[in-house]
Amino acid sequence: MARLAVTETFFGIQFPGHLHTQDSLQAAASFPFRPSDVLLVTYPKSGTTWMQEILTFIHSEGDPEPAKTIPNWARLPWLEHLYMGTLMEPKGPRLLTTHLPYPALEEALAKAKPKVIYVARNPKDVAVSYYHFCRMANFFPDPGSFEEFAQKFLDGTVHYGSWFEHIKGWLSCQDELNITYFTYEELHQDLEGCVERLSAFLGLPMKPGLVESIRMHCSFASMSKNTMVNTTLIPKEILDTSKGQFMRKGIAGDWKNHFSAPLSERFNTKFQEELGGQAKHFQWVMD
Ligand code: A3P
């Protein structure tokens, strides 16, 4: 099950053999979506767990019970993970999560057009968060120094592939899919506005007290203590918590503590080259 040293390649991208097999990846690509499904899509370290928690509360109408008693990976299972089949809900709506690139799911999504929620985060902060996670997660190769890891991130040779390709792919399908976009930074700046927008997109009423409940239970401090999301249920040989915490800092802009000026410049150049025209959609502080 752990397969910590195995790497799977799918759609030209490397995935950790821990929780991914060729069969599980293929099953995701041909998943029989229903229009009532909700699919959360992220590149790793972009705020996936935070959005999973918020979606849980929107669906429970603010009741903390599911978030406090069911692990996040069972509430919004990862489509491409090998345990996925065992968690299939017989009835909809199903809440699902994926890190897969758009081309891998294009065909499956086109048929049923479920609701898709994409969460993006400043790539500089993603690189920092990902680096620290790789240091503690034994299913990733040793990331080396931050500078080395950040260069691989820019080159798109880290596991889960290029951040730039991931976001470009998922931005390219706006006319084909029922998709909406959020950023990690927006969740910080305007949680209430995000909950309103999410509820409207999902067609769910905002019950009185919902935002307050989300503010209380989905804060960084609360989630850090919640064993259903803080990864402390995962064995130490898989996630070595002596090397770091999954709920690490939870802030925007930590990249400034890690990036040298030349590295920052290389990120800015690549960002402009790859996303220049669309950069205005993201309020990220890149300098
Ligand atoms: P940091 O490593 O920068 O702290 P993912 O869930 O996609 O793996 O993303 C993990 C990142 O989201 C981590 O970032 C984690 O601390 C942050 N995060 C998780 N829950 C959060 C919350 N409630 N508020 C702010 N950040 C949160």
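Throughout what follows, the structure given in this document is the object of discussion.

Procedures and definitions
- Residues numbered from 1 in each chain as written.
- Predicted model: local features only at pLDDT ≥ 70, side-chain atom pairs only at ≥ 80, totals over all residues.
- Heavy atoms only, no water.
- Helix = DSSP H or I, 4+ residues; strand = E, 2+ residues; numbered from the N terminus.
- Buried < 20%, exposed > 50% of the residue type's maximum accessible area, 1.4 Å probe, protein only.
- Contact = heavy atoms within 4.5 Å.
- 1 Å grid on protein atoms, 1.4 Å probe; cavity = no way out; pocket = protein on both sides within 12 Å on 5 of 7 lines; lining within 4 Å.
- Points joined across faces, edges and corners; volume = space filled by probe spheres on them.
- Disulfide = S-S within 2.5 Å.
- Core = buried A, V, L, I, M, F, W, Y, C linked by side-chain atoms within 4.5 Å.
- Phe/Tyr/Trp six-rings, centres within 6.5 Å; stacked < 30°, edge-to-face > 60°.
- Polar contact = N/O pair within 3.5 Å; in protein donor to acceptor, adjacent residues only side chain to side chain.
- Near = heavy atom within 4 Å.
- Areas by Shrake-Rupley, 256 points an atom, 1.4 Å probe, with all protein chains shown as cover.
- Sits in = over half its atoms within 2 Å of the grid points.
- Nonpolar A, V, L, I, M, F, W, Y, C, P; charged D, E, K, R; others polar.
- Expected span 1.5 Å × (residues − 1).
- Arc of directions from axis to C-beta.
- Pairing = 2+ DSSP bridges.
- Axes fitted to C-alpha atoms, helices over the stretch in contact; angles between N-to-C directions.

## Structural notes on the overall build of the protein
Right, so step 1: On a plain count of helices and strands, the protein comes out with 13 helices and 6 strands.
Right, so step 2: Structurally, the protein occupies a C-alpha span of about 50 × 40 × 40 Å along its principal axes.
Right, so step 3: A burial count over the protein gives 55% of its 287 residues as buried.
Right, so step 4: Taking contacts inside the protein between residues at least 6 apart in sequence as the whole, the part at least 24 apart equals 70%.

## Points about the layout of surface pockets
Right, so step 1: As a volume, the largest pocket reaches approximately 1,200 Å³.
Right, so step 2: In this structure, the largest pocket is lined by 50 residues; those nearest its centre are K45, T49, F133, T231 and F246.
Right, so step 3: Elements that contribute at least two residues to the lining of the largest pocket include exactly helix 2 (48-59), helix 4 (72-75), helix 6 (123-136), helix 9 (184-189) and helix 12 (220-225).
Right, so step 4: Per-element tally for the lining of the largest pocket: the top contributor is helix 6, with 4 residues.

## So, the state of the cysteines
In protein structure, a disulfide is the covalent linkage between the sulfur atoms of two cysteines.
Right, so step 1: According to the stated counting rule, one finds 0 disulfides in the structure shown.
Right, so step 2: Here C218 is not cross-linked by a disulfide; its sulfur's nearest cysteine counterpart is in C194, at 12 Å.
Right, so step 3: Take C218: its relative accessible area is 3%, and that puts it in the buried class.

## Thoughts on unusual backbone geometry
Right, so step 1: For F11, which is not glycine, the phi dihedral falls at a positive 50°.
Right, so step 2: Tracing the chain through its elements places F11 in the loop between strand 1 (7-10) and strand 2 (13-16).
Right, so step 3: Owing to a relative accessible area of 47%, F11 belongs among the partly exposed residues under this scheme.
Right, so step 4: At K45, a residue that is not glycine, the phi angle is positive and equals roughly 70°.
Right, so step 5: Tracing the backbone shows K45 in the loop between strand 3 (38-42) and helix 2.

## Some remarks on the nonpolar core
Right, so step 1: One finds M51, I54, I117, W163 and W170 to be the most contacted residues of the largest nonpolar core, which totals 93 residues.
Right, so step 2: Here W163 is in contact with Y43, R121, P123, V126, F153, F271, L275 and W284, once residues within four sequence places are set aside.

## Concerning the packing of aromatic side chains
For any pair of aromatic rings, the description consists of the separation of the ring centres together with the inter-plane angle of the planes.
Right, so step 1: Counting across every chain of the model gives 28 aromatic pairs.
Right, so step 2: Relative to Y184, the ring of W50 lies with its centre 5.3 Å away and its plane at 75°, an arrangement referred to as edge-to-face. Highlighted residues: W50 in helix 2 and Y184 in helix 9, separated in sequence by 134 residues. The two residues W50 and Y184 agree in class, both being buried.
Right, so step 3: Relative to Y160, the ring of F140 has its centre 6.4 Å away and its plane inclined at 65°; by these criteria the two rings are edge-to-face.

## A word on helix 8 (residues 163-171)
Right, so step 1: With respect to burial, helix 8 is a largely interior element, 7 of its 9 residues being buried.
Right, so step 2: Regarding helix 8, the residues found buried are W163, F164, H166, I167, G169, W170 and L171.
Right, so step 3: Measuring from the backbone nitrogen of F164 back to the side-chain oxygen at the start of helix 8 gives 3.1 Å, which picks out S162 as the cap.

## Here we look at the site of the ligand
Right, so step 1: Around the ligand, the surrounding shell holds 19 residues, and the nearest of these are T48, T49, S129, K249 and G250.
Right, so step 2: A distance of 2.8 Å is found between an oxygen atom of the ligand and a side-chain nitrogen or oxygen belonging to R248.
Right, so step 3: If the ligand stood free it would expose 570 Å²; the protein chains cover 97% of that surface.
Right, so step 4: More than half of the atoms belonging to the ligand lie within 2 Å of the grid points that define the largest pocket.
Right, so step 5: If one sorts the elements of the shell around the ligand by residue count, helix 2 sits on top with 3 residues.
Right, so step 6: For the shell around the ligand, the per-class residue count stands at 7 nonpolar, 8 polar and 4 charged.

## Examining helix 13 (residues 261-275)
Right, so step 1: Its 15 residues give helix 13 an end-to-end C-alpha distance of 21 Å, which sits within 8% of 21 Å, the value for a rise of 1.5 Å per residue.
Right, so step 2: Considered for burial, the residues of helix 13 that qualify are L263, S264, F267, N268, F271 and L275. When helix 13 is viewed along its axis, its buried side chains cluster within an angular range of 140° and face the same direction. Facing away from the buried side of helix 13, by more than 90 degrees, are the exposed residues A261, P262 and E273.
Right, so step 3: Where helix 13 starts, the residue carrying a side-chain oxygen 3.3 Å from the main-chain nitrogen of L263 turns out to be S260.

## Focus: the sheet that holds strand 5 (residues 115-120)
Right, so step 1: In space, the 4 strands of this open sheet follow the order 4-3-5-6, with parallel pairing throughout. One side of each edge strand has no neighbouring strand; the edge strands of this open sheet are strand 4 (95-98) and strand 6 (178-183). The average angle at which neighbouring strand axes cross in this sheet is 20°, direction not considered.
Right, so step 2: Note that strand 5 and strand 6 share 6 bridges and pair parallel. Within strand 6, the position partnered with I117 by the bridge is T180.
Right, so step 3: Set on the sheet, helix 8 makes contact with strand 3, strand 5 and strand 6; between it and strand 5 the angle comes to about 145°.

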